[in-house]
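# Secondary and tertiary structure notes
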Amino acid sequence: MNSSQIRVSDEVRSALSQHKPVVALESTIFSNLGLPSPANLEALQRCTTALRSYGVVPAITAVLDGVARVGIDESEWSLILGPAKKVGERELGLAIAQRWAVGATTVSSSLLLAAKAGVRVFSTGGIGGVHRGAEISGDISSDLGAIAQHHVVTVCAGAKSFLDLPRTLEYLETLSVPVIGFGCDFFPEFTVREGDIPIPARVDTIEELANIVRANDALGRLGGLLTCVPVPEKDGLFKLFMDDVTEVAIKDATARGITGAAVTPHILKFIARATEDASVRANLSLAENNARIAAQLAVELLRTQ
Ligand code: PSU
Ligand code: MN
């Protein structure tokens, strides 16, 4: 499928053709839109090292010089670590046609590229969702529709607590996305381990998770599935503290008139400052932990095909 518009790296292409495990990663989290420097490089190193420790090839997605890429070699990492323009699924065609220099892929655009390349598992930090006040603003992340549409399993730490989490779960139900808690009974809240919204289903092992993926495949369901893994205990933040910080962050974004695609990066930056980077440490920890679960799932799915 390589062309002047989409390119799969040699390493990812040969892994896929030899039926070796591959896990896709988005690039927004590693760009200046997701994490401050140098934490972004640390996140990239920890996620890719975690995948490789299970023999899994990382397939980082991005748009570089107007080419949508699946698999970014280490020699090109510096490109995605710097300033970038956010590329959701609807911007992918634009970014290619208008030859954007560096486009950082979100969950939605990464899922399209992963599905097109034949990568079955995708790992990220937190997904986008229904924003608080969406009944007025209409702000619902395109991540949700993309998770429903593309035939890829997404592994995340839930959704950020600045979203409207009950509505996010309702919306996923409307879109008929299976939502599975990995070792948890509640929808994890990104940097907060313990949420208070019950999650529709729970598994405790990779085998159980793979069984659900296989059953959905057997039914011919072509959409995705969402696996939610709580942030590791030692790095999780306190819920009451984060609830307060989040409320202030949302008020600040509203007071500054920030809307649309700029909302998520602005709130993430505000929370990092307000928590003296504890949120950044939690973010790194959960991103790495999700990569570990995604890697084990990718291995298990190939073992039992
Ligand atoms: N959560 C993070 N860091 C991020 C994002 C989410 O902790 O960088 C990014 C992801 O790329 C996600 C996107 O897909 O934000 C959602 O943006 P929006 O709400 O504008 O759809
Ligand atoms: Mn939005």
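For the structure itself, look to the data block above.
### Here's the deal with the packing of aromatic side chains
A full pass over the atoms with the stated rule returns zero aromatic pairs. When the ring centre of Trp-100 is taken as origin, the NZ or CZ atom of Lys-85, which lies over that ring, is 4.0 Å away. When the ring centre of Phe-190 is taken as reference, the NZ or CZ atom of Lys-160 above it lies at 5.9 Å.

### Topic: helix H8 (residues 165-174)
Taken together, the buried positions of H8 are Leu-165, Thr-168, Leu-169 and Leu-172. Here the buried residues of H8 occupy an arc of 95° about the axis, which is enough to place them on one side. More than 90 degrees from the buried face of H8, the exposed residues found are Glu-173 and Thr-174. Looking at the buried residues of H8, the elements they touch are helix H7 (142-149), strand S9 (179-182) and strand S11 (225-228). The first or second residue beyond H8 is Ser-176, which carries a positive phi of 65°.

### Remarks on the packing of helix H10 (residues 239-255) against helix H11 (residues 263-274)
At a closest axis distance of 9 Å, the pairing of H10 and H11 adopts a crossing angle of 130°. By the angle class used here, H10 and H11 are oblique. Handedness of the crossing formed by H10 with H11: right-handed. Taken together, the residues of H11 that come into contact with H10 (itself represented by Met-242, Val-245, Thr-246, Val-248, Ala-249, Ile-250, Asp-252 and Ala-253) are His-266, Ile-267, Phe-270, Ile-271 and Ala-274. The residue inventory of the contact of H10 with H11, partitioned by class, reads 10 nonpolar, two polar and one charged.

### Remarks on the environment of His-131
The residue His-131 is located in the loop between strand S7 (121-123) and helix H6 (134-137) in this model. Using a relative accessible area of 9% as the deciding quantity, one classes His-131 as buried. Every residue in contact with His-131, bar those within four places of it in the chain, is listed here: Asp-139, Phe-162, Leu-163, Asp-164, Val-263 and Thr-264.

What counts and how
- Residues numbered from 1 in each chain as written.
- Chains lettered and ligands numbered in written order.
- Predicted model: local features only at pLDDT ≥ 70, side-chain atom pairs only at ≥ 80, totals over all residues.
- Heavy atoms only, no water.
- Phe/Tyr/Trp six-rings, centres within 6.5 Å; stacked < 30°, edge-to-face > 60°.
- Lys NZ or Arg CZ within 6 Å of the ring centre and 35° of its normal.
- Buried < 20%, exposed > 50% of the residue type's maximum accessible area, 1.4 Å probe, protein only.
- Helix = DSSP H or I, 4+ residues; strand = E, 2+ residues; numbered from the N terminus.
- Arc of directions from axis to C-beta.
- Contact = heavy atoms within 4.5 Å.
- Axes fitted to C-alpha atoms, helices over the stretch in contact; angles between N-to-C directions.
- Parallel < 35°, antiparallel > 145°, perpendicular 65-115°, else oblique.
- Left-handed = near helix turned anticlockwise from the far one by under 90°.
- Nonpolar A, V, L, I, M, F, W, Y, C, P; charged D, E, K, R; others polar.

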